[in-house]
Amino acid sequence: MSFKLPDLNYDYNALERSIDALTMEIHHQKHHGGYTANLNSAIQDTEWADKSIEEILANVSNISTAVRNNGGGFYNHSLFWNIMSPDGGGVPTGKIAEAISKNFGSFDKFQEQFSKAAATRFGSGWAWLVKQDDKLVVCTTPNQDNPIMDIADVKGTPILGLDVWEHAYYLKYQNKRPDYIAAFWDVVDWNKVEELL
Ligand code: MN
């Protein structure tokens, strides 16, 4: 078995109001494609070759740096594409809205906490909304780490993730990471986030 680069559910130019088409194309084909190929090479002919990505990441401290970096990259980007949509944005409703209000006080407070975490992650990494049993928390990870990994400081199931590597925004936003973060909210697919809850 080997992992396959997932197709996007929308065209590269579909999120243009927040993320430009060239960034989407390079990010998906070259970056995500690279992580996928390198993950496959790193687990080929090992005991991990027939395991799920979740199982691999949950044991990553026992595997290798190549699997940590590329397995994380494979998983993180698969989630990232999935929680964005050209029909996204706005304010969540229903179960996810209730969970956010319960855990953070209000949607505005959650958004503020998540945006601040994403803006202040030093260097390359990710900001996450993470489910821990019946609780939601915000955290960040360096590089391609994520909360599923056994080495993570904050563990749980990520239900929303934002890539803050420069490759994710530099063509359109250059050094203005906070502008990219603000624009991200316009394409978040809250129905998908709720499915992951
Ligand atoms: Mn990326």
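Above this note sits the structure.
These numbers were taken from a predicted model, which means no experiment stands behind them. (Residues numbered from 1 in each chain as written. Predicted model: local features only at pLDDT ≥ 70, side-chain atom pairs only at ≥ 80, totals over all residues. Heavy atoms only, no water.)

**Q** Would you mind going over the coordination of the manganese ion with me for this structure?
**A** Working reference: metal with six octahedral donors, ideal angles 90 or 180 degrees; metal with four tetrahedral donors, ideal angle 109.5 degrees. Protein-derived ligands of the manganese ion are His-27 (NE2), His-77 (NE2), Asp-163 (OD) and His-167 (NE2), with the metal-ligand distances lying across 2.0 to 2.1 Å. Ordering the donors of the manganese ion by residue number gives the pattern H-x49-H-x85-D-x3-H. Residue His-27 is found in helix α1 (residues 21–43), and its partner His-77 is found in helix α3 (residues 65–82); the two are separated by 50 residues along the sequence. Residue classification places His-77 among the buried residues on the basis of a relative accessible area of 0%. (Donors = N, O, S within 2.8 Å, 3.2 Å for Na, K, Ca; no water. Helix = DSSP H or I, 4+ residues; strand = E, 2+ residues; numbered from the N terminus. Buried < 20%, exposed > 50% of the residue type's maximum accessible area, 1.4 Å probe, protein only.)

**Q** Help me understand the environment of Asn-143 in this model?
**A** Checked against the element boundaries, Asn-143 lands in the loop between β2 (135–142) and β3 (157–163). A relative accessible area of 40% places Asn-143 in the partly exposed class. Taking the C-alpha atoms as reference points, Asn-143 and Ser-18, separated by 125 residues in sequence, lie 22 Å from one another. Apart from the residues lying within four places of it in its own chain, the contact partners of Asn-143 are Ser-124, Gly-125, Trp-126 and Trp-165. (Contact = heavy atoms within 4.5 Å.)

**Q** Honestly, α1 in this entry has me stumped. Any pointers?
**A** Counting along an α-helix, one turn takes 3.6 residues, and residues three or four places apart therefore face a common direction. In this model α1 runs 32 Å from its N-terminal to its C-terminal C-alpha over 23 residues, within 8% of the 33 Å that 1.5 Å per residue would give. The largest bend in α1 amounts to roughly 30° and is located at His-27. Buried residues of α1: Thr-23, Met-24, His-27, His-28, His-32, Gly-33, Tyr-35, Thr-36, Leu-39, Asn-40 and Ile-43, and no others. Among the structural elements, α2 (53–58), α3, β3 and α6 (170–173) are those in contact with the buried residues of α1. Looking one or two places after α1, you find Asp-45, whose phi comes out positive at around 60°. (Expected span 1.5 Å × (residues − 1). Bend = angle between axes of the 7 residues up to and from the residue.)

**Q** How should I be thinking about the packing of helix α5 (residues 107–120) against helix α7 (residues 177–184) in this particular structure?
**A** For the pair α5 and α7, the least separation of the axes is 9 Å and the interaxial angle reads 145°. Of the two possible hands of crossing, α5 and α7 adopt the one that is right-handed. Where α5 abuts α7, its residues Phe-114, Ser-115, Ala-118 and Ala-119 lie against Arg-177, Ile-181 and Phe-184. (Axes fitted to C-alpha atoms, helices over the stretch in contact; angles between N-to-C directions. Left-handed = near helix turned anticlockwise from the far one by under 90°.)

**Q** I'm lost on the nonpolar core in this one. Help?
**A** The tendency in soluble globular proteins is for nonpolar side chains to be buried side by side. Residues Phe-110 and Leu-160 are the most contacted members of the largest nonpolar core, which totals 44 residues. Put simply, the parts of the chain that give this core at least two residues each are α3, α4 (94–104), α5, β1 (125–132), β2, β3, α7 and α8 (190–196). Aside from chain neighbours lying at most four places away, what touches Leu-160 is Leu-79, Ile-83, Phe-110, Phe-114, Ala-127, Trp-128, Leu-129, Phe-184, Trp-185, Val-188, Trp-190 and Val-193. Counting residues in each nonpolar core, the second largest holds 13 residues, with Leu-57, Val-67, Phe-74 and Met-149 among its members. (Core = buried A, V, L, I, M, F, W, Y, C linked by side-chain atoms within 4.5 Å.)

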